[in-house]
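Coordinates in review
So you can see what is in the structure, the chains are spelled out below.
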Amino acid sequence: MSRIVCDECTRADLLRAVAGQGLPTIEAGMPTPAGTGLTRRGFVARSLGLALTVYGARRLDIFDEGIAAAASAPQTPILVTVFLQGGADALSLLYPDGDPLYRKLRTQLAVSGGTQFAEDARLYWHPALAPLATLHGEGKVTVLPAVGYDHPDQSHFTSRHFWEVGATDPRLLTGWMGRYLDLAGVPDNPLQGLSLTGSLQPTLATARVPVAAIDGPGQYDFWTPGVWGEVQTRMLDAIGDLGRAGGSDPTMRTVAGVTKQVDTLRRQLAPFQGAKLGTAAVPYPAGNDSFPQSLQGLAAMIGAGLPLRCVALEATGEYDTHAGQASALAPALTTTAASLYAFQRDLEARGVADRVLTLVWTEFGRRAKENGSGGTDHGAAGTGFLIGTRAAGTQVGEFPGLATGLDADGNLKATADFRGVYAGLLEQWLQFDASRVIPNASRFTRPHLVK
Amino acid sequence: MGAPHRGSFDAPQAERLLWRAGFGPRPGEAEALAKLGLDGAVHSLLYPGREKLVGPKPHDSKGRPLAPADAWGHDHCWWLDRMVRTSRPLVERMTLVWHDWFATSNAGVGSQKLMLQQNELFRRRSMGSFHELLVDVTANPAMLLWLNGVENSKEAPNENYAREMMELFTLGADRGAYTERDVREQARSLTGWRNRWSRGRGDYDFHFDATEHDTGTKVVFRKAGRYAWRDACRLCISHPKHASFLAQKLWGYFIPVAPDAHTQRALEAAYRKDHEVRPVLELILKHPTLYHGPRMTKPPVVHVAGLLRRIGAGVTTDAWAWIGALSGQQLFYPPNVAGWDDTRWLDTATFRGRWIGVQQILRDRQLDPAKGKTAADAPTVLKRALAFWKNPALSASTHAALLRFAHSALADAGNAKWKQTSYPVLVENALRQLIAVSPDLQTS
């Protein structure tokens, strides 16, 4: 991989390299994944039928031996990450109305009408984030008012890449959760790393174990015109057989590897086909937006005991608000916060909330001084949230203030490092040695994240 | 370099060339191209003459003509049709390359009409001067809306276009080619574009307004000048790190492994002469690595266009737009300004999108099991299914997997008479689907 030297290649090449590692090939001759037989399908269907109506896989006692193995250890903690794409404006999410400089820098864009943030009298919740303020009041939200890293990069793609790989290293090829799964995961369970965004999220790019990407759990069906019954069953089985196509060509092997994962995933999700996910315990935001629907499906999958470990989603909205920020931000945050709130309540109703932590992140915050287009340009430190009943609930780092807390470019300085947050999540939540996942992990202070 | 591909140039090599530089062969096309030899074949792609559209005209699911400037999804279908019917595949493929390179999404532009205008610009400048292309793109209305060019003024500079122009279009990030200060200064050089908006017409009247332009001195790449927008383009094009960026990025669209140092220098030299794209393309398309190197995953829209070309079918539904989205490539809606990630086309979700695309093609072409008359053996049924797709070349392992499926599915018929006549038909339908989604047909 010597060609991946930062001043010798373009960012596109870099993404290419990451991508090449993202979907590993499953070699021919590997054992058939556990639990791919008919028995398991039938069983899981029964179990999900129950799960979906009574909110939770409460019939663990009827798991037979093979199925128990396939469902992995159902009590393993699950880490969900939600990406606010484009660089969400920290000075709007928790806006510093108590800072005398705020309304000078944001003459048009200053937010108002929100409630005060209980841990820092200078800060106020954006009105659209009221649901998160409620959860914070219950001790279920850890706020990171200015999270980032030293020498911030203002390119979307570079900064996002840093966050995705868990290091300020353009050469790293695997995602930070992907590297965790490579070490802690298994070779036959694509669901252990799940992108609910329709395509693989780079945070989950692995080098060794399979991971999966789907739109939603209820939409993973395959059929073709003029084929049914026994022949259809055989046809679907043949997908896995096509996935064993080997040969020496690396691209063919990669595509065959994806084909094999399609087969495994189809079997794992077969019980969800046609299932009504609309019978959740709590209402999610209505409409066609995919984010609340994905979270709803995710809660159902967790409730059903599917073997998930790391999950990546993208929030509603586009946060690269160079122009028209006020009108773009409010609806995006409204749907995002309401969806996260519903997800949390859904997990609580299903009795699985203690197994799930959700990290909300963005690649950077935005410039403190607004531009002339009713928007803001790329900045440095951004806002993060950690949501869940097990979240410590006390802020990590603090708002640095606008008088002395801006760097030479007029951007918010970071008071918490994202690599320390990742290391803390690995150690305190996933019970895993962070030094095996995060480069130079010992350099970063671990915030108190989990209670 | 100077050493183009010297091995054989027969139908298999010609077919690969047609996939990389176009949308795959129609029946007989690879053989005809092979007869021209490598030089003749590449020449015919680089200098294709006037465009002829061959094949049935497109329409939507209700048989109405497409309305690409107005109806949702018809923009995607309109372009897909052009890919299917064109006699100038490389022009169309380069148009797709520029759409990815200067990735503009209608999600931010909000006007299919302006997107189509930009598309026409990419087609017109598909293989000519990159400098002229960059100048035209910089002043292009869809781009001015997409990266806030019309909101970049003397009093209130907006850096969006200035940054991406250098990071994604001409120089590349993390190569030490420019600084944050250059971004801010280039933004000043680019100030002055404006447009008007009305309820009836939307965004219109894109123009340069000198009173909004910052006429002061800017320092870009350590040189001072009273630069304006054309200077901003010129400074990028004449930057010492531009040619290497362009050569490597353009190469990456056609060949999935990096060029060796010798080739890289040759590509840069060919480009530096007068910033023409065609001479660089010629070197790439004649390079031995294209013919001997690893296969490439076809972009979703290329996979679909190629299947339609193969069987002489046209665009007969507007479903292709949402199928494109499910497959990870809805034309005119790249995921962001960096374009599509060309090496991560396939994952478990987008595979399903491609499956549905094949399903769509087969919908009107399924064989009726009630009309099955005779029992047939697995090799015969597979042969028929392959003939439907005009006998694509398959690897031994894929061929074996298909045959195994046919054997076992036909054996399920047992002694039941009705199954013995209907199962061969069901199996043939299934084989058509499986062939088209096999790793062999997803790559070239």
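The structure contained in this document is the topic of the report that follows. Model, not experiment: these values are computed from the prediction.

The secondary structure content of chain A amounts to 13 helices and ten strands. Each of the 451 residues in chain A was classed as buried or not, and the buried ones make up 63%. Summarising the internal contacts of chain A: among those between residues at least 6 apart in sequence, 73% fall at separations of at least 24.

Let us look at helix H4 (residues 74-85) of chain B. Residues and elements named next belong to chain B. In this model, H4 (twelve residues) spans 16 Å end to end at C-alpha, consistent with the 16 Å of a helix rising 1.5 Å per residue. Of all twelve residues in H4, eleven are buried, a share of seventy percent or more. Turning to H4, its buried residues are His74, Asp75, His76, Cys77, Trp79, Leu80, Asp81, Arg82, Met83, Val84 and Arg85. Each element contacted by the buried residues of H4 is listed here: helix H5 (89-101), helix H7 (112-124), helix H17 (300-310) and helix H18 (320-327).

Okay, the interface of chain B and chain A next. Between chain B and chain A, the contact holds 69 residues from the first and 69 residues from the second. Summed over the shared surface of chain B and chain A, the result is six salt bridges. Its salt-bridge partner being Arg367(A), residue Glu159(B) comes within 3.0 Å of it at the nearest N-O pair. Here chain B is connected to chain A by 23 residue pairs in polar contact (both at pLDDT 80 or more). Among the elements that line the side of chain B that touches chain A, the one with the most residues is helix H19 (residues 348-363) of chain B, at nine residues.

Once that is clear, we can look at the nonpolar core. Counting residues in each nonpolar core, the largest one holds 219 residues, and the members touching the most others are Phe385(A), Trp101(B), Phe102(B) and Phe130(B). At nine residues, the largest contribution of residues to this core is made by helix H22 (residues 417-437) of chain B. Setting aside its immediate chain neighbours within four residues, Trp101(B) contacts Phe130(B), Leu168(B), Phe169(B), Phe245(B), Leu246(B), Lys249(B), Leu250(B), Tyr253(B) and Val337(B). In this structure, Leu204(A), Val211(A), Ala391(A) and Leu425(A) belong to the second largest nonpolar core, which totals 40 residues.

Paired through their backbone hydrogen bonds, the strands of a sheet run either parallel or antiparallel. All names here are of chain A. Ordered by their spatial adjacency, eight strands build an open sheet running S6-S5-S7-S1-S8-S9-S4-S10, and the pairing between neighbours is mixed. Each edge of the sheet is formed by a strand with only one pairing partner; in this case those strands are strand S6 (212-213) and strand S10 (416-417). Bridge analysis of strand S5 (residues 193-195) against S6 gives two bridges, and the strand direction is parallel. Bridging across to S6, Ser195 finds its partner in Ala213. Strands strand S1 (78-84), S5 and strand S7 (310-314) of the sheet are contacted by helix H8 (residues 176-184), whose axis makes an angle of about 160° with S7.

Calculation notes
- Residues numbered from 1 in each chain as written.
- Chains lettered and ligands numbered in written order.
- Predicted model: local features only at pLDDT ≥ 70, side-chain atom pairs only at ≥ 80, totals over all residues.
- Heavy atoms only, no water.
- Helix = DSSP H or I, 4+ residues; strand = E, 2+ residues; numbered from the N terminus.
- Buried < 20%, exposed > 50% of the residue type's maximum accessible area, 1.4 Å probe, protein only.
- Contact = heavy atoms within 4.5 Å.
- Expected span 1.5 Å × (residues − 1).
- Salt bridge = Lys/Arg side-chain N within 4 Å of Asp/Glu carboxyl O.
- Polar contact = N/O pair within 3.5 Å; in protein donor to acceptor, adjacent residues only side chain to side chain.
- Core = buried A, V, L, I, M, F, W, Y, C linked by side-chain atoms within 4.5 Å.
- Pairing = 2+ DSSP bridges.
- Axes fitted to C-alpha atoms, helices over the stretch in contact; angles between N-to-C directions.

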